[in-house]
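# Results of the structural survey
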Amino acid sequence: QVQLVESGGGLVQPGGSLRLSCAASGNIADNYVMGWYRQAPGKQRELVGLISSGGFINYGDSVKGRFTLSRDNAKNTVYLQMNSLQSEDTAVYSCHHAVVDTDIKYWGKGTLVTVSS
């Protein structure tokens, strides 16, 4: 089992920034991807970004150029720096951890990001 603990959500004004963190603990495999999905009210869940063990990053189209994903391997932690936030970014952001070449996936509880003036 892997446990994911998210932090950093909250309320921010349009144009502002927030940083989310997701720390993994437990039985962590050597080869995995980790990152974030989000789900806005009334919409389907969408990819925000995922980073692999080797550092390859895949971003969702709606956040490219504004959001930056990074990781601290020593801490098993992934960070999502969100800049130029817009109202359309309001959603529950959920941390995701998946072991490569398996069906093993884990989800965090989610953290709410609200972009509003």
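Residues numbered from 1 in each chain as written. Predicted model: local features only at pLDDT ≥ 70, side-chain atom pairs only at ≥ 80, totals over all residues. Heavy atoms only, no water.

## Observations regarding the overall build of the chain
For the chain, the count of helices and strands is zero helices and 11 strands. N-terminal to C-terminal, the α/β element order of the chain is β-β-β-β-β-β-β-β-β-β-β. Expressed along its principal axes, the backbone C-alpha trace of the chain runs to roughly 40 × 25 × 20 Å. Counting only residues that meet the buried cut, the chain has 43% of its 117 residues in that class. For the chain, the proportion of contacts with a sequence separation of at least 24, taken over those separated by at least 6, is 52%. Of the roughly 6300 Å² that the chain leaves accessible, carbon and sulfur atoms contribute 47%. For the chain, the distance from the average position of its 10 positive side-chain charges to the average position of its 9 negative side-chain charges is 4 Å. (Helix = DSSP H or I, 4+ residues; strand = E, 2+ residues; numbered from the N terminus. Buried < 20%, exposed > 50% of the residue type's maximum accessible area, 1.4 Å probe, protein only. Contact = heavy atoms within 4.5 Å. Areas by Shrake-Rupley, 256 points an atom, 1.4 Å probe, with all protein chains shown as cover. Lys, Arg positive; Asp, Glu negative; His and termini not counted. Charge placed at Lys NZ, Arg CZ, Asp CG, Glu CD.)

## Brief notes about the nonpolar core
Most often, soluble globular proteins have nonpolar side chains that are buried together. Core analysis: the largest hydrophobic core is formed by 28 residues, its most contacted members being Leu-4, Met-34, Trp-36, Phe-67, Leu-80, Met-82 and Tyr-93. Per-element tally for this core: the top contributor is strand β3 (residues 18-26), with four residues. (Core = buried A, V, L, I, M, F, W, Y, C linked by side-chain atoms within 4.5 Å.)

## Section: the state of the cysteines
Taken as a whole, this structure holds one disulfide when the rule is applied. The disulfide bridge from Cys-22 ends at Cys-95, spanning 1.9 Å between sulfur atoms. Torsion about the S-S bond of the Cys-22 and Cys-95 cystine: about -90°, corresponding to left-handed handedness. Residue Cys-22 is located in strand β3, and its partner Cys-95 is located in strand β9 (residues 91-99); the two are separated by 73 residues in the primary sequence. Assigned by exposure class, Cys-22 and Cys-95 land together as buried. (Disulfide = S-S within 2.5 Å.)

## Observations regarding unusual backbone geometry
The residue Ser-84 is not glycine, and still its phi comes out positive at about 50°. Relative to the elements of secondary structure, Ser-84 occurs in the loop between β8 (77-82) and β9. Even without a glycine there, the phi angle at Asp-101 is positive, about 65°. By the secondary structure assignment, Asp-101 is in the loop between β9 and β10 (105-107).

## Concerning the pairing of β8
Most of β8 sits out of view: five of its six residues are buried. Alignment of β3 against β8, held across six bridges, turns out to be antiparallel. Across the sheet, residue Leu-20 finds its bridge partner in β8, namely Leu-80. Direction of pairing for strand β7 (residues 67-72) relative to β8: antiparallel, over a ladder of six bridges. Paired with Thr-68 across the bridge in β8 is Gln-81. (Pairing = 2+ DSSP bridges.)

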